[in-house]
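Examining the three-dimensional arrangement
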Amino acid sequence: RKSKNGGGGKKKNMLSQGSVSSAGGENDRNPVLRSRLSRASDLETKLSSLSSASSAGTNAASTEEKASKLRFQLCEILSDILLLDPAFAMRKDVPGRLWRGCFYGRIGDLR
């Protein structure tokens, strides 16, 4: 039979190792998150330029199809960031960007 102290010490050691590896994992994820955030910024810029082009009188159906695809990609990227690291997402205003880029603009277009 294992003693309570022996098993507890082992468990405590595993927990401390887990916290160290998760902290390292968070640092390892940041470049990935930053890359995704950069991609989201690019998509936001493209959406903004499409919005300007549609108000200038270009083909509305074609423009809306492109905008819809960009919004879908933006929603995927921003929601991934939000789920992978909520603290990072809050620091970078990901929920606000998700709302404005994916929903608010489209709702405004439909008004």
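Residue numbering note: each chain is counted from 1, following its sequence as written. Under the rules for a predicted model, residues below a pLDDT of 70 receive no local features and side-chain atom pairs below 80 are neither given nor counted, while totals for whole chains, interfaces and linings still include all residues. As a rule here, side-chain values cover all heavy atoms of the structure and leave hydrogens and water aside.

Considering the pattern of salt bridges
A pairing counts as a salt bridge when a side-chain nitrogen of Lys or Arg comes within 4 Å of a carboxyl oxygen of Asp or Glu. Applying the stated rule across the entire model yields 5 salt bridges. Close ionic contact of Asp80 with Arg36 constitutes a salt bridge, the shortest N to O distance being 3.8 Å. Residue Asp80 is located in helix α2 (residues 60–84), and its partner Arg36 is located in helix α1 (residues 4–55); the two are separated by 44 residues in the primary sequence. Only protein chains enter the accessibility calculation, which uses a 1.4 Å probe; a residue is then buried when its area is under 20% of its type maximum, exposed when over 50%, and partly exposed in between. The class for Asp80 is partly exposed, based on a relative accessible area of 34%. On the accessibility criterion, Arg36 (28% relative accessible area) is partly exposed. With a closest N to O distance of 2.8 Å, Arg97 and Glu44 form a salt bridge. Separated by 53 residues along the polypeptide, Arg97 in helix α4 (residues 94–110) and Glu44 in helix α1 bring together distant segments of the chain. Note on conventions: DSSP H or I runs of at least 4 residues are helices, E runs of at least 2 residues are strands, and numbering of each starts at the N terminus.

Side note on the side chain of Arg97
A residue is classified by how much of its surface remains accessible, and Arg97, at 14% relative accessible area, is buried. Side chain to side chain, Arg97 and Glu44 meet in a polar contact 2.8 Å long. Contacts between residues were defined by any pair of non-hydrogen atoms, one from each residue, lying within 4.5 Å. When neighbours within four sequence positions are excluded, Arg97 is seen to be in contact with Leu37, Ala40, Ser41, Glu44, Leu78, Lys92 and Cys102. In protein, a polar contact means a hydrogen-donor-capable atom and an acceptor-capable atom, both N or O and within 3.5 Å, with residues adjacent in sequence counting only if both atoms are side-chain atoms; elsewhere, any N or O pair within 3.5 Å suffices.

Considering unusual backbone geometry
Backbone geometry places Asp93, a non-glycine residue, at a positive phi of 55°. The partly exposed category is assigned to Asp93, whose relative accessible area is 36%.

With respect to the packing of α2 against α4
Orientation is described by axes fitted as lines to C-alpha atoms, over the contacting stretch for helices, and by angles from 0 to 180 degrees between their N-to-C directions. Contact geometry of α2 with α4 gives a least axis separation of 9 Å together with a crossing angle of 160°. Between α2 and α4, the angle falls in the class roughly antiparallel. Classified by chirality, the crossing of α4 by α2 is left-handed. Taking contact as the criterion, the partners of Glu64, Arg71, Leu74, Cys75, Leu78, Ser79, Ile81 and Leu82 in α2 are, on α4, Val94, Pro95, Arg97, Leu98, Gly101, Cys102 and Arg106. We call Asp, Glu, Lys and Arg charged. Ala, Val, Leu, Ile, Met, Phe, Trp, Tyr, Cys and Pro are nonpolar, and the rest, Gly among them, are polar. A breakdown of the residues in the contact of α2 with α4 according to their chemical character gives 9 nonpolar, 2 polar and 4 charged. Oblique is the label for every angle not falling under 35 degrees (roughly parallel), over 145 degrees (roughly antiparallel), or within 65 to 115 degrees (roughly perpendicular). Two helices that cross are described as forming a left-handed crossing if the nearer one is turned anticlockwise from the farther one by less than a right angle, and a right-handed crossing if clockwise.

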